[in-house]
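# Structural features, examined
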Amino acid sequence: MSYTTFIMNKSVYLILLIVTLTTFAHKCQIILHADQIIADCTRLELTNVPTDLPLDISGIDLSYNQISTIQKKAFESFSKLTALILDFNMIKTIDGDVFNGLKKIRWLSMKHNQLNISSKILDVVFKSLLQLQHLDIRYNIDKMFNQSNPMVYPYFGNLHNLTDLYMDLAQNPVFKLSGFEELTNLSTIKFAKCYLNQMSNDTLVELPPSITAIYFHECTGTIKIVEADFLKPFTSLTILNMERVAIQLEDALKLLYPFTNKTMTSIIFKAITPHVPKPVFLYHNMTNYLIHICVKTLVLAESEIVGYENGLLRDFKSPQCLENVVLSGNRFSIALGPHLQELMVIMKMTTNLKFFDLSYNSINFNNIEYCNINVLENPSYRKEVYREGCQIKSEPTNEFTNYNYVLEKAQMVDIPTYTIYLPSNLTFLRVSHYMTSYIMTGQKLFFANVNNLRYVDFSYWQIKQFPEIYSVTPFNVRYLDISGLNSTILIHKTSVPFFQNVQTAILKNAMLGLTTGKTGKIFKLFPAVEKLDISYNNLWYLDEDAFERNLNLSIVSIAHNLLPAIPIALIDLPHLSKLDLSYNRLQTINKTFRDWMDKKSQIYKRTFNFFIKGNSLKCTCETSDFIRWLFNTNVVFDQANKNFSCTLTNGSESNTIDVYKRFHEHFSTCNSNNWLRLGIGLLVAFVIFTVPFAVIFNFRWKITFWIYRNFKRVVEQKLERKFNYDIYLSYADDMLQWIQVDFLQRIENSWSMKVCIEERDFQIGVTKADEIANAIASSKHAIFILSESYKDNEWNKFVIERVKFEKCRNYLQKIIILVQDATASCIPHELDDILQNVTIIDWEDNETGWDKLRMALFTDSF
């Protein structure tokens, strides 16, 4: 065949393919991938296998439909089929010869259906699939399945090429008649919905020894027996994954007995807890098999571990084998008391460790039940573990001593600089949500072996002072997550070496709203940052120079904040290609920013991304230009069809698509209204100037005489702003009864002043932040009633910031603080900036106190 003939045939094939795609586009999405044709028929509410598909199709995905029966000739036309997915249907009945003729199929998945796995019909169904490599029949054993009788699995002996088998595990499984001895290529087996009631030595003995990876998932039955040789048949096993298995962690560790002194790729024990979780303390004898295995990935996560015996880490025979370690979701500290020195030793020995995760680990508890464990009977460990309210057993006398103190500080008294030796190859370090009663103050941390550290996650740590961090070699961390950290502790930092090379910085929930006017100083700590996420920070504005040191920024997320407009600080970022301002308070986008984004879109060849979903957009005459621009710009939005909710002039809700489709109907009267306003304005101006001039001219002598006669009676008065309330009242919940019974009765009834309180005057359905801001702006004075619990309410900090803001605008006249049942030390430090404008009254609940308040309110304003 000549090259020209080949090209002609290829063109004819493409034309036929296009016609085919058009024909079947009304149901399945036909995708041409390389030289294969794939049919995506998911979520079409199909009840039968479609027959109008291309005959040379390679793959069909029929997931998430309503197919209950598959008949004999459903797939007979698709002889080139290599992959078939029937997941998440309602398949109960399947014909035995349904897959006859599918000689090339290698991948078959039928999980989440209602098949009877023990039915003999499946022996016939699988018989013809000689090239099958992957079979997934998980989640087909009904919850009401009679588990008391032994369950015989289908015959798999004809599937000689099968490498991966995923299926459920019955309570009493029978594998002897299923032909597993013929599956010499089977390497991976996954058990989901595991109903086992015992893990005995002979449970899995019929499975082939070729298996190298075995997974147990959701073994939520009552497993009464766990024997050490349960996994002995798998002599070549390198991956053991057990997740959500209802056994004791001690029993799970016992299953490692057959692999002692061997090398494994992964040992993953996640959520290994019985039905009634109990705290686990690791002793040497419990880990006796684990410490003799050379394993690359070790996961002991979410398994109620509360501590470990001294010297346990040093017992590992091959620490150099560890590359990935995950200990998240437990309740212990690896560096508590004597463990600290042990940790330093083991970190030097794990020379190949690259990934370490100790997230979601809390080490301080108030629940007394956690004290009832043997660890507290260990005198050497008891010296280092303190519990609040724990009854700890003393020496052999069986007497109990009450320890009511909590460890408040973990600090090196004699060593001002604390050196941390990281594993030399450590790349990923995650210690997120590490909750502790320790308060780190004044620490100087010296890090060694930081050359390869790239990813660091210290999010949601509770510290009051950021430590000084040093290293001999430069830090080269590229990804840093410090979400949840109180950013106010970074305001006075001029440089943090740890941050200097960070390219991706995550500062969610970092309380940046408390550093308004100073946030730019924080961003300067990240001079090389390219991706910045500062969402969920209650930001309502950013300084114009906030990003003057961050010119490498290309992706910025300021979602879920309170911004009423796009910050001007963004306009000077030359490389910005993605901006997320979703879920803020934007009502429109002005022309300056529209032009700026159009230029960005041209620079990045129509790939500038701008996210605005969840904002308070308006579709009115004032925003008509924005609506027109929205559907004509090349900017890429988070809603591909540009369908955003917006509010019409009459206050009703609509969306940008409907408004744009009826653009003339919505905005045709905008210009006429402008001319009408102009005409009315000219008429009013004429009346305003003409009538007074005529009156003054006709009565000029009488006016002159009247002014002369009454000149001395004229007194200049200060113009005052009109307020809705006389007093905005801020208080804690424990003062509500006193306010309603005594305070409001005196202020409103006797003194005739109008008071704004949250429980009575705030509207339901309106954002609380808006209600607070509007109420303070509409009040003449502000009174704070301080008590011991005042600082417990985070909203009170927002109230203080708004009061300071209104005071700076010179609208708020008096700020009075009543210290009620507390000391003056309860005054929040947020008020320090305006203490010179604050009247503090040490309240006495008698007439003297009311006289002080009356004098403070009715004397001249500050």
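Residues numbered from 1 in each chain as written. Predicted model: local features only at pLDDT ≥ 70, side-chain atom pairs only at ≥ 80, totals over all residues. Heavy atoms only, no water.

When helices and strands are counted, the chain shows 17 helices and 44 strands. The burial tally for the chain puts 45% of its 862 residues in the buried class. For the chain, long-range pairs separated by at least 24 residues make up 70% of all intrachain contacts whose partners lie at least 6 apart in sequence. When the accessible area of the chain is evaluated, it comes to approximately 44500 Å², of which 53% is carbon and sulfur surface. (Helix = DSSP H or I, 4+ residues; strand = E, 2+ residues; numbered from the N terminus. Buried < 20%, exposed > 50% of the residue type's maximum accessible area, 1.4 Å probe, protein only. Contact = heavy atoms within 4.5 Å. Areas by Shrake-Rupley, 256 points an atom, 1.4 Å probe, with all protein chains shown as cover.)

With that settled, the discussion passes to the sheet that holds strand β39 (residues 653-655). Taken together, 3 strands build an open sheet; the order of strands is β36-β38-β39 and the sheet is mixed. Single-partner strands in this sheet number two, and they are β36 (618-619) and β39. (Pairing = 2+ DSSP bridges.)

Within the structure shown, the criterion is met by 40 aromatic pairs. Seen from their ring centres, Tyr 455 and Tyr 479 are 4.2 Å apart, and the 5° between their planes marks the pair as stacked. Of this pair, Tyr 455 sits in strand β28 (residues 455-457) while Tyr 479 sits in strand β30 (residues 479-481), and the two are 24 residues apart along the sequence. By relative accessible area, which is 22% here, Tyr 455 ends up partly exposed. Ring plane angle 85° and centroid distance 6.0 Å describe the contact between Trp 629 and Phe 637, whose orientation is recorded as edge-to-face. Here Trp 629 falls in the buried class, since its relative accessible area comes to 9%. (Phe/Tyr/Trp six-rings, centres within 6.5 Å; stacked < 30°, edge-to-face > 60°.)

Another point: the side chain of Glu 771. Looking at the secondary structure, you find Glu 771 in helix α15 (residues 768-777). A distance of 2.8 Å separates a polar atom in the side chain of Glu 771 from the backbone nitrogen of Gln 763. Look past the residues within four positions of Glu 771 in its chain and what remains in contact with it is Asp 761, Phe 762, Gln 763 and Val 766. (Polar contact = N/O pair within 3.5 Å; in protein donor to acceptor, adjacent residues only side chain to side chain.)

Within the chain, residue pLDDT values average 82, and 83% of them lie at 70 or more. Long-range and interchain partners of residues 365-415, a stretch whose pLDDT sits below 50, account for 87 contacts in this model, where long-range means more than four residues apart. (pLDDT = per-residue confidence, 0-100.)

Here we take up the nonpolar core. Membership of the largest hydrophobic core comes to 184 residues, with the highest contact counts inside it found for Phe 75, Phe 126, Phe 156, Phe 216, Phe 269 and Phe 610. At 5 residues, the largest contribution of residues to this core is made by helix α4 (residues 339-349). Apart from residues lying up to four places away in sequence, Phe 126 is in contact with Leu 108, Met 110, Leu 135, Ile 137, Pro 154, Phe 156 and Leu 159. (Core = buried A, V, L, I, M, F, W, Y, C linked by side-chain atoms within 4.5 Å.)

This paragraph deals with the packing of α15 against helix α16 (residues 795-808). Running from N to C, α15 and α16 point in directions that differ by 35°, and their axes come no closer than 10 Å. You can see that α15 and α16 cross each other, and the crossing is right-handed. Taken together, the residues of α16 that come into contact with α15 (itself represented by Lys 768, Ala 769, Ile 772, Ala 773, Ile 776 and Ala 777) are Trp 795, Phe 798, Val 799, Arg 802, Val 803 and Glu 806. (Axes fitted to C-alpha atoms, helices over the stretch in contact; angles between N-to-C directions. Left-handed = near helix turned anticlockwise from the far one by under 90°.)

Counting buried positions along strand β43 (residues 814-819) yields 6 of 6 residues, so the element is predominantly enclosed. Across the two faces of β43 the burial is the same, with Lys 814, Ile 816 and Leu 818 and Ile 815, Ile 817 and Val 819 all buried. Relative to β43, strand β42 (residues 779-786) runs parallel, the two sharing 6 bridges. Each residue of the ladder has a partner; that of Ile 785, found in β43, is Leu 818.

Here we take up the environment of Asp 481. Tracing the backbone shows Asp 481 in strand β30. Overall, the relative accessible area of 11% leaves Asp 481 in the buried class. With 25 residues separating them in the primary sequence, Asp 481 and Ile 506 have C-alpha atoms 4.6 Å apart. Sequence-distant contacts of Asp 481, defined by excluding residues within four places in its chain, comprise Val 456, Asp 457, Phe 458, Ser 459 and Ile 506. Among the polar contacts made by the side chain of Asp 481, one reaches the side chain of Ser 483 at a distance of 2.7 Å.

This part is about the packing of helix α13 (residues 736-750) against helix α17 (residues 847-858). For the pair α13 and α17, interaxial distance at closest approach is 13 Å and the crossing angle is 50°. By the angle class used here, α13 and α17 are oblique. Crossing angle aside, the handedness with which α13 passes α17 is right-handed. Along its contact with α13, which presents Asp 742, Phe 743, Arg 746 and Ile 747, the element α17 presents Glu 847, Trp 850, Leu 853 and Arg 854. Looking at the contact of α13 with α17 residue by residue, the class counts come to 4 nonpolar, no polar and 4 charged. (Parallel < 35°, antiparallel > 145°, perpendicular 65-115°, else oblique. Nonpolar A, V, L, I, M, F, W, Y, C, P; charged D, E, K, R; others polar.)

Here we come to a nonpolar patch on the surface. On the surface, a nonpolar cluster with roughly 560 Å² of combined accessible area is contributed by Leu 683, Phe 686, Val 687, Val 691, Val 695 and Phe 699. For Leu 683, the position within the fold is in helix α11 (residues 669-698). (Patch = residues over 30% accessible without salt bridge, like charges linked within 9 Å, V, L, I, M, F, W, Y side chains within 5 Å. Salt bridge = Lys/Arg side-chain N within 4 Å of Asp/Glu carboxyl O.)

One open sheet accounts for 5 strands, arranged β41-β40-β42-β43-β44; its pairing is parallel. Each edge of the sheet is formed by a strand with only one pairing partner; in this case those strands are β41 (755-756) and β44 (838-842). Lying over the sheet, α17 contacts β40 (725-731), β42, β43 and β44, oriented at roughly 165° with respect to β43.

Attention now moves to a negative patch on the surface. Together, Asp 733, Asp 734, Glu 759 and Asp 792 give the surface a local cluster of negative charge. Exposure remark for Asp 734: the relative accessible area of 46% places this residue in the partly exposed category. (Lys, Arg positive; Asp, Glu negative; His and termini not counted. Charge placed at Lys NZ, Arg CZ, Asp CG, Glu CD.)

The next thing to look at is the state of the cysteines. Inspection of the entire model under this criterion finds 4 disulfides. With a sulfur-sulfur separation of 2.0 Å, Cys 28 is cross-linked through a disulfide to Cys 41. Taking the sign of the S-S torsion, 115° for the link of Cys 28 and Cys 41, the bridge is right-handed. A residue pair is termed long-range when its members are at least 10 positions apart, and Cys 28 in the loop between α1 (3-24) and β1 (29-33) and Cys 41 in the loop between β2 (36-40) and β3 (59-61) qualify at 13 residues. Take Cys 28 and Cys 41: they sit in the same class, and that class is buried. (Disulfide = S-S within 2.5 Å.)

Turning to the environment of Arg 549, a few remarks are in order. Relative to the assigned elements, Arg 549 resides in the loop between β32 (531-533) and β33 (555-557). Arg 549 sits 26 residues away from Phe 523 along the chain, and the two C-alpha atoms are 7.6 Å apart. Sequence-distant contacts of Arg 549, defined by excluding residues within four places in its chain, comprise Lys 524 and Pro 527.

This next bit is on helix α7 (residues 591-603). Here α7 is 13 residues long and its end C-alpha atoms lie 18 Å apart, about the 18 Å a rise of 1.5 Å per residue gives. Turning to α7, its buried residues number three or more, namely Phe 593, Arg 594, Trp 596, Met 597, Lys 600 and Ser 601. Viewed end-on, α7 has its buried residues packed into an arc of 160°, placing them on one side of the element. Those residues of α7 that are exposed and aimed more than 90 degrees away from the buried face are Lys 591, Thr 592, Lys 599, Gln 602 and Ile 603. Along its buried surface, α7 packs onto β35 (609-611) and α8 (624-630). (Expected span 1.5 Å × (residues − 1). Arc of directions from axis to C-beta.)

Moving on, we get to the pairing of strand β14 (residues 213-219). Among the 7 residues in β14, 5 count as buried, and that is most of the element. Pairing analysis gives 5 bridges linking strand β12 (residues 188-194) to β14, with the strands arranged parallel. Within the sheet, the bridge partner assigned to Phe 191 lies in β14 and is Phe 216. In this structure, β14 lies alongside strand β16 (residues 239-245), joined through 6 bridges in parallel fashion. For Ala 213, the partnering residue across the bridge sits in β16 and is Ile 239.

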